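Below, each chain spelled out in residue letters.
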Amino acid sequence: MIIGSGAMQLNPDHVEQALGHVRPLLAATRSEPGNREYGFWLDPDVPGSIHLYEEWETQEAIDAHNASAHLAAFMEVMATLEITSASITQYEIASATKLM
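Residues numbered from 1 in each chain as written. Predicted model: local features only at pLDDT ≥ 70, side-chain atom pairs only at ≥ 80, totals over all residues. Heavy atoms only, no water.

Our next topic: the overall build of the protein. Looking only at helices and strands, one finds three helices and four strands in the protein. For a compact globule of 100 residues, the expected C-alpha radius of gyration is about 13 Å, and the protein comes in at 14 Å, within 12% of that figure. With the principal axes as the frame, the protein shows a C-alpha extent of 40 × 30 × 20 Å. The 100 residues of the protein split such that 37% are buried. In the protein, 71% of the contacts between residues at least 6 apart in sequence involve partners at least 24 apart. Accessible surface, the protein: about 6,300 Å² in total, of which carbon and sulfur atoms supply 55%. The distance from the centre of the 4 positive side-chain charges to the centre of the 14 negative ones in the protein is 12 Å. (Helix = DSSP H or I, 4+ residues; strand = E, 2+ residues; numbered from the N terminus. Rg over C-alpha atoms; globule rule 2.2 N^0.38 Å. Buried < 20%, exposed > 50% of the residue type's maximum accessible area, 1.4 Å probe, protein only. Contact = heavy atoms within 4.5 Å. Areas by Shrake-Rupley, 256 points an atom, 1.4 Å probe, with all protein chains shown as cover. Lys, Arg positive; Asp, Glu negative; His and termini not counted. Charge placed at Lys NZ, Arg CZ, Asp CG, Glu CD.)

The following block contains the structure:
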């Protein structure tokens, strides 16, 4: 399994507009082959901070997602929303233990 986790910071005035574009991206991505989890969350303590978490079965599934039309459209819109920083880290997981 491969996990991606990170955050982006954008102008807080554009958060609602960004979320309007996140919803279609979530729906399209969650239906992609190889996707296990895909979500964005607002940080309640940091205005304009949006966190991302994703789980994928293979690198090929990630590559297909990265080449998708819905991600390209999302990235095009996000480029207009004054993103001041973004950082996403990818982790390759050999095993996992369910805690609850």
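The structure having been displayed, the exposition proceeds.
The next thing to look at is helix α2 (residues 59-66). Listed as buried for α2 are A61, I62 and H65. Looking straight down α2, one finds that the buried residues subtend no more than 100° of arc, so they occupy a single side. Contacts made by the buried residues of α2 are with β1 (2-10), α1 (15-30), β2 (35-42), β3 (49-56), α3 (69-78) and β4 (83-92). (Arc of directions from axis to C-beta.)

This next bit is on the nonpolar core. The nonpolar side chains of a soluble globular protein tend to be buried with one another. Counting residues in each nonpolar core, the largest one holds 20 residues, and the members touching the most others are L10, Y38, F40, F74 and M78. Looking at this core element by element, the count peaks at six residues for α1. When sequence neighbours within four positions are dropped, the list of residues in contact with L10 reads V15, A18, G48, I50, M78, L81, E82, I83 and T84. (Core = buried A, V, L, I, M, F, W, Y, C linked by side-chain atoms within 4.5 Å.)

The strand order across the open sheet built from four strands is β2-β3-β1-β4, with neighbouring strands paired in antiparallel fashion. Of all the strands in the sheet, the pair left with one neighbour each is β2 and β4. Mean inter-strand twist for the sheet, computed between neighbouring axes without regard to direction, equals 10°. Here β1 pairs with β3 via eight bridges, running antiparallel. When the bridges of β3 are listed, S5 appears paired with Y53. Lying on the sheet, α1 is in contact with β1, β2 and β3; it crosses β2 at an angle near 170°. (Pairing = 2+ DSSP bridges. Axes fitted to C-alpha atoms, helices over the stretch in contact; angles between N-to-C directions.)

Note that all results are geometric; they support no functional claim without further evidence.
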